[in-house]
Amino acid sequence: MRFFILILSCLLPSLAFAHFGMLIPASSMVVQGDDTSLELDLSFSHPFEKRGMDLPRPLSFSVYRGGQIQDLLPSLVQTRIMHAAGWSAFYPIGRPGLMQFVMEPQPYWEGGEDRYIIHYTKAVVSAFGEEQGWELPVGLKTEIVPLSRPYGLYAGNLFQGRVLMDGKPVPFAEVEIEPWPSDNLKPLNDYMVAQVVRADGAGVFSYAAPTSGWWGFAALSKADFELERQGQMKPVELGAVIWVEFHSFPKP
């Protein structure tokens, strides 16, 4: 019995160790009267547990808008997020537009899994009624392309996305899902930290967020390349991550 309890205690905590690249705008929607200087926070964490990890300066941070790509890397300022190293930036919106913000981090070495992790992370923001292009891929190595509009969502709405790798659907991709709670919500147990769904044969997955706030969707795939560490080649896990904001339904 003691042996069983020891094994169980070793296994259960591993359920909670889901990593998420995080790119969180101040809001997914900008309307008349809002601040037109949009703040964005970049980090790497276990979001539901609010446990941060250090995020070195990203390899790239960009915004895709109106068919143009703008490098935002020079705008990053180092900060602390969840007691760990993170980054923040302010983006001047200026005019109506649909913006896809994208971060590519430096590869993260996960010694416990003997592999590197790279999370290509994005978030979509609509400003002043512009809605053209939220369903378009931006051409990342791997990404989640929304099939549901990724803003203007109520808690309980169904969100759908398609997982792509090199521009092609990833059949039966595994998608991990966690909230970034703005209040004191806590998981019931380790099983409830990260939700997990499988995409279908066309790479499409669905999930209905039960509460308001930002929710992260991370589709995990094995990379078709390896990275060297201390003279040995190591496997790489790629994450296609998108953060989507859900809102409470207004009370009468």
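Residues numbered from 1 in each chain as written. Predicted model: local features only at pLDDT ≥ 70, side-chain atom pairs only at ≥ 80, totals over all residues. Heavy atoms only, no water.

1. Here's the deal with the overall build of the protein chain
A count of helices and strands for the protein chain gives one helix and 20 strands. Projected onto its principal axes, the C-alpha positions of the protein chain cover 65 × 50 × 40 Å. Here the protein chain holds 252 residues, and 47% of them are scored as buried. Considering only residue pairs separated by 6 or more positions, the protein chain has 67% of its internal contacts joining residues 24 or more positions apart. (Helix = DSSP H or I, 4+ residues; strand = E, 2+ residues; numbered from the N terminus. Buried < 20%, exposed > 50% of the residue type's maximum accessible area, 1.4 Å probe, protein only. Contact = heavy atoms within 4.5 Å.)

2. Re the confidence of the model for the protein chain
Here the protein chain averages 90 in pLDDT, while 92% of its residues score no lower than 70. Note that residues 1–16 has pLDDT below 50 and, in this model, 10 contacts with residues that lie over four places away or in other chains. (pLDDT = per-residue confidence, 0-100.)

3. What about the pattern of salt bridges?
Across all of its chains, the model carries nine salt bridges by this definition. The salt bridge partner of Glu131 is Arg149, with a shortest N-O separation of 2.8 Å. Taken together, the residues span a long stretch of sequence, with Glu131 in the loop between strand E11 (115–127) and strand E12 (142–146) and Arg149 in the loop between E12 and strand E13 (153–154) at a distance of 18 residues. Residue Arg149 is classed as partly exposed on the basis of its relative accessible area of 32%. For Lys141, the salt bridge is made with Asp224, and the minimal N-O distance between the two is 3.2 Å. Note that Lys141 is positioned in the loop between E11 and E12 and Asp224 in strand E19 (residues 213–229), a separation of 83 residues in sequence. What emerges from the salt-bridge pattern is a single network uniting Glu113, Arg115 and Glu237. (Salt bridge = Lys/Arg side-chain N within 4 Å of Asp/Glu carboxyl O.)

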